[in-house]
Amino acid sequence: MPSIEQAPARVVVLASGAGSNLVALLAASADPAYGAEVVAVGSDVEHAPALDRATERGVASFVEPLSAHPDRASWNRALADRVAAHRPDLVVCAGFMRILGATFLQRFSERIVNTHPALLPAFPGVHAVRDALAYGVRVSGVTVHLVDAGVDTGPVLDQRAVPVLADDDEASLHARIKDAEHELLADVVGRMVRGGWTVTGRKVTIP
Ligand code: GRF
């Protein structure tokens, strides 16, 4: 069972975009009782606003662009080294838009969390909100899950439903999903770092 050796737990966040989920984690971790500290923020995108959110709060940041490497394997190794330098107990992909390869997954096995803006296994991939709307579902939501080698296929940690409204477009639905996502991600990460978690096949138990 993955457990946390130190308190507060050390969390490295990976983000490619705006960083609103990162901000939610930073806000939650401001409370010492939360049990986690975001020790670094990494990105594959040089000028990702998420990096500014880290810098504004005095959190270390780093960039590892895929384009700086001859192939994905080399990028994965380099990213894993950058993350490992911060000795994380948990790695949280918060809007990180790249697939992590085997080297990375092995190095942080069962300690990588991702948040996805749909109720998996429905609508995996980068256009989850658009795809859910196009399908015409009446309920979508957010899934926080452990990362495995597939695209949004890892064991589910928790989910929250968000109703789709008749006049929703991609932006309005995603905004409401993000509201739920910020709460759920902070809640799940907090429970994991405070109580540990057990993975049995696809079933994950968090106290
Ligand atoms: C989130 O909805 C995440 O699930 C998806 O992209 C969005 C990133 O938002 N993959 P932010 O960068 O945390 O604001």
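1. Some words on the overall build of the protein chain
Right, so step 1: If you tally the helices and strands in the protein chain, you get six helices and nine strands.
Right, so step 2: By its C-alpha atoms, the protein chain is 45 × 40 × 35 Å across when sized along the principal axes.
Right, so step 3: Buried residues in the protein chain amount to 49% of all 207 residues.
Right, so step 4: Restricting to contacts in the protein chain with at least 6 residues of sequence separation, those with at least 24 account for 62%.
Right, so step 5: For the protein chain, the computed accessible surface area is about 9500 Å², with 54% contributed by carbon and sulfur atoms.
Right, so step 6: For the protein chain, the distance from the average position of its 19 positive side-chain charges to the average position of its 24 negative side-chain charges is 3 Å.

2. Some details on helix α5 (residues 128-135)
Right, so step 1: Among the residues making up α5, those that are buried are A128, V129 and A132. Considered in projection along α5, the buried side chains sweep an arc of 100° and stay on one side of the axis.
Right, so step 2: Structurally, α5 contributes buried residues whose contacts are with β5 (112-116), β6 (139-146) and α6 (170-195).
Right, so step 3: Once α5 ends, the next one or two residues include G136, with phi positive near 90°.

3. Quick look at the site of the ligand
Right, so step 1: Taken together, 13 residues sit near the ligand, with G19, S20, H174, K178 and E181 positioned nearest.
Right, so step 2: Contact between the ligand and S20: an oxygen atom at 2.5 Å from a side-chain N or O atom of the residue.
Right, so step 3: Its free accessible area being 370 Å², the ligand has 90% of it covered by the protein chains.
Right, so step 4: Mapping the ligand onto the cavity grids shows that it belongs to the largest pocket.
Right, so step 5: Elements with a contribution of two residues or more to the shell around the ligand: α1 (20-29), β5 and α6.
Right, so step 6: Element by element, the count of residues in the shell around the ligand is highest for α6, at three residues.
Right, so step 7: Classifying every residue of the shell around the ligand by side-chain character gives three nonpolar, eight polar and two charged.

4. A word on the packing of aromatic side chains
Right, so step 1: One pass over the structure, following the stated rule, counts three aromatic pairs.
Right, so step 2: Aromatic side chains F104 and F108 sit 5.0 Å apart centroid to centroid with 50° between the ring planes, which places their arrangement in the tilted category. Taken as a pair, F104 and F108 share a single burial class, namely buried.
Right, so step 3: Relative to Y135, the ring of F123 lies with its centre 5.8 Å away and its plane at 65°, an arrangement referred to as edge-to-face. With F123 in the loop between β5 and α5 and Y135 in helix α5, the pair connects residues that are 12 residues apart, well separated along the chain.
Right, so step 4: When its relative accessible area of 18% is taken as the criterion, F123 is described as buried.

5. A few points about the packing of α1 against α6
Right, so step 1: Two elements in contact, α1 and α6, have axes whose closest approach is 9 Å; the angle formed by their N-to-C orientations is 45°. Between α1 and α6, the angle falls in the class oblique. Crossing of α1 against α6: the hand is right-handed. Within the contact between the two elements, α1 uses S20, N21, A24, L25 and A28 and α6 uses K178, E181, H182, L185, A186 and V189.
Right, so step 2: In terms of residue class, the contact of α1 with α6 is made up of six nonpolar, three polar and two charged.

6. Considerations on the side chain of D44
Right, so step 1: As for its position among the elements, D44 is in the loop between β2 (36-43) and α2 (49-56).
Right, so step 2: Of the polar contacts made by the side chain of D44, one reaches the side chain of R98; its length is 3.0 Å.
Right, so step 3: The contacts of D44, once residues within four sequence positions are left out, are A15, S16, V63, E64, P65, W75, F96 and R98.

7. As for the layout of surface pockets
Right, so step 1: The space that makes up the largest pocket amounts to roughly 710 Å³.
Right, so step 2: Lining the largest pocket are 36 residues, and of these G95, F96, M97, N114 and T115 lie nearest its centre.
Right, so step 3: Its residues assigned to classes, the lining of the largest pocket comprises 14 nonpolar, 15 polar and seven charged.

Thresholds, definitions, all that
Residues numbered from 1 in each chain as written. Predicted model: local features only at pLDDT ≥ 70, side-chain atom pairs only at ≥ 80, totals over all residues. Heavy atoms only, no water. Helix = DSSP H or I, 4+ residues; strand = E, 2+ residues; numbered from the N terminus. Buried < 20%, exposed > 50% of the residue type's maximum accessible area, 1.4 Å probe, protein only. Contact = heavy atoms within 4.5 Å. Areas by Shrake-Rupley, 256 points an atom, 1.4 Å probe, with all protein chains shown as cover. Lys, Arg positive; Asp, Glu negative; His and termini not counted. Charge placed at Lys NZ, Arg CZ, Asp CG, Glu CD. Arc of directions from axis to C-beta. Near = heavy atom within 4 Å. Polar contact = N/O pair within 3.5 Å; in protein donor to acceptor, adjacent residues only side chain to side chain. 1 Å grid on protein atoms, 1.4 Å probe; cavity = no way out; pocket = protein on both sides within 12 Å on 5 of 7 lines; lining within 4 Å. Sits in = over half its atoms within 2 Å of the grid points. Nonpolar A, V, L, I, M, F, W, Y, C, P; charged D, E, K, R; others polar. Phe/Tyr/Trp six-rings, centres within 6.5 Å; stacked < 30°, edge-to-face > 60°. Axes fitted to C-alpha atoms, helices over the stretch in contact; angles between N-to-C directions. Parallel < 35°, antiparallel > 145°, perpendicular 65-115°, else oblique. Left-handed = near helix turned anticlockwise from the far one by under 90°. Points joined across faces, edges and corners; volume = space filled by probe spheres on them.

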